[in-house]
Amino acid sequence: MYDIRKLSEDTIYLGCSDRRLKLFESAYPIPNGISYNSYLIKDEKTALFDTVDKACSSQFFENLEAALDGRELDYLIVQHMEPDHCALMEDVVSIYPDVKIVCSTKTVALIKQFFNFSPEENVIVVKDGDTLSLGKHELAFYMAPMVHWPEVMVTYDKTDKVLYSADAFGSFGAINGNLTDEGLCFNCSYLSEARRYYTNIVGKYGPQVQMLLKKISALDVKSIYPLHGLIIKNNIAKFIEKYDKWSRYEAEEKSVLIAYSSVYGDTENAANILGGKLADRGVKGIKIYDVSQIHPSYILSEAFKFSHIVFATTTYNNGIFETMEILLHNIAAHNLQNRKVVLIQNGSWAPTCGGAMKNILESIKGTEILDESICIKSSLKEEQLAELDNVAEKIVNSLNVLI
Ligand code: FEO
């Protein structure tokens with residue numbers, strides 16, 4: 001049965017949710033599922049904004065047929081060529097052979113790479129600021145390269161003041177009946193997965209996100225229609241403020257994230273004691289994560305949030321314990337900058353992980369190492385408590401400078 005939702009007089013939601021997929025992009029756990037959003041405007045002309053992942057193929061085509069209700073499809077607006085959004089475009093073209101594909105120049109090349117048809121005859125290539133009239137609705141296109149792929153563009157419907165934002169302003173999580181953020185506690189129930197989505201999917205491309213935010217700032221946006229997650233109506237300013245912070249790699253919380261790996265509990269012991277010492281000195285909101293238990297996508301997201309990060313780990317095979325090494329490479333790969341860090345190493349006979357961690361972190365712009373002096377030899381000793389006090393003092397002093 002079709003499952004479509006009316007969003008306005010002539011706009012329809014025809015996306016779908018997947019709650020079976022374990023790892024989005026074969027990389028990110030999605031315990032609450034994921035939505036693939038697609039929208040249709042029915043004006044004098046009809047325009048479909050993107051398709052969905054092939055997992056939802058049959059539902060999508062039932063939805064599209066019901067939404068068109070006997071009308072032809074005039075335009076397929078392709079904002080992003082990642083297959084979770086474009087997978088069904090070849091089928092759309094074969095069902096509606098007269099449809100015009102509206103897209104950026106780079107999209108044309110990607111269509112040829114992903115599919116076995118040549119879009120030239122059916123394509124309308126648009127550039128930054130180009131417009132398209134559907135009748136009552138006037139659309140304007142804005143290029144958003146690397147948010148999240150190079151061909152990405154977003155679309156502004158001047159009539160309804162809707163920003164079709166492609167991957168920007170999306171979130172992990174399936175649609176649970178409610179399609180919009182109205183009546184939702186944005187900070188307490190939506191922000192953490194929206195942050196995890198942003199930081200892991202787009203986090204590397206801060207300067208490009210800044211360029212998009214600049215373009216958006218000139219528009220009067222009343223609703224944001226992303227390709228994943230809820231339609232945003234009530235929290236637009238708040239979400240844009242977060243995007244601005246994340247894309248400038250500015251911390252949201254002046255507090256401490258402690259990330260540790262521990263084979264037999266001794267490094268964990270040091271992490272917990274340091275957490276307590278920070279708390280005793282008045283630091284609020286500390287978070288401690290075992291990087292072997294928590295998927296790096298969650299810790300990366302927290303790393304974008306916190307101003308200070310302690311990395312405590314064990315030497316393993318003459319290097320960094322594997323789960324910590326993965327996290328550090330993730331942080332470096334996502335370009336997280338300007339964090340103040342402390343390194344704690346453990347090594348029973350040849351501790352080397354401190355230097356190896358430092359090598360990775362020093363490759364990241366703006367990283368300041370506050371302390372790297374603590375070296376646990378197998379287990380923490382009484383006399384090392386003073387060293388932890390010293391590290392706690394350094395962190396608190398550094399936090400006070402920020403506050
Ligand atoms: Fe949801 Fe970059 O695709």
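Thresholds, definitions, all that
- Residues numbered from 1 in each chain as written.
- Predicted model: local features only at pLDDT ≥ 70, side-chain atom pairs only at ≥ 80, totals over all residues.
- Heavy atoms only, no water.
- Helix = DSSP H or I, 4+ residues; strand = E, 2+ residues; numbered from the N terminus.
- Buried < 20%, exposed > 50% of the residue type's maximum accessible area, 1.4 Å probe, protein only.
- Contact = heavy atoms within 4.5 Å.
- Domains from an automatic or database assignment.
- Buried area = accessible area lost by both parts, 1.4 Å probe.
- Salt bridge = Lys/Arg side-chain N within 4 Å of Asp/Glu carboxyl O.
- Polar contact = N/O pair within 3.5 Å; in protein donor to acceptor, adjacent residues only side chain to side chain.
- Nonpolar A, V, L, I, M, F, W, Y, C, P; charged D, E, K, R; others polar.

**Notes on the environment of D389**
Okay, so step 1: Structurally, the position occupied by D389 is in helix α12 (residues 385–402).
Okay, so step 2: In this structure D389 comes out as partly exposed when scored by relative accessible area, which is 24%.
Okay, so step 3: Separated by 111 residues in the primary sequence, D389 and L278 have C-alpha atoms spaced 8.6 Å apart.
Okay, so step 4: Ignoring sequence-local partners within four residues, the contact set of D389 consists of K277 and R281.

**Description of the environment of S57**
Okay, so step 1: Relative to the helices and strands, S57 resides in helix α1 (residues 57–68).
Okay, so step 2: S57 sits in the partly exposed class, given a relative accessible area of 24%.
Okay, so step 3: Taking the C-alpha atoms as reference points, S57 and D91, separated by 34 residues in sequence, lie 9.6 Å from one another.

**What about the domain arrangement of the protein?**
Okay, so step 1: We note that the domain assignment places domain 1 (5–248) and domain 2 (253–397) within the protein.
Okay, so step 2: Taking the mean C-alpha position of each, domain 1 and domain 2 sit 38 Å from one another.
Okay, so step 3: In total, domain 1 and domain 2 occlude about 1100 Å² of area from one another, counting both sides; carbon and sulfur atoms represent 52% of this.
Okay, so step 4: Across the domain 1-domain 2 interface, the total number found is zero salt bridges.
Okay, so step 5: Summed over the shared surface of domain 1 and domain 2, the number is eight residue pairs in polar contact (both at pLDDT 80 or more).
Okay, so step 6: Every element with two or more residues in the side of domain 1 that touches domain 2 is listed here: β5 (28–29) and α5 (186–202).
Okay, so step 7: Looking at the side of domain 1 that touches domain 2, the element that brings in the most residues is α5, giving seven residues.
Okay, so step 8: Class assignment of the residues belonging to the side of domain 1 that touches domain 2 gives a composition of six nonpolar, four polar and five charged.

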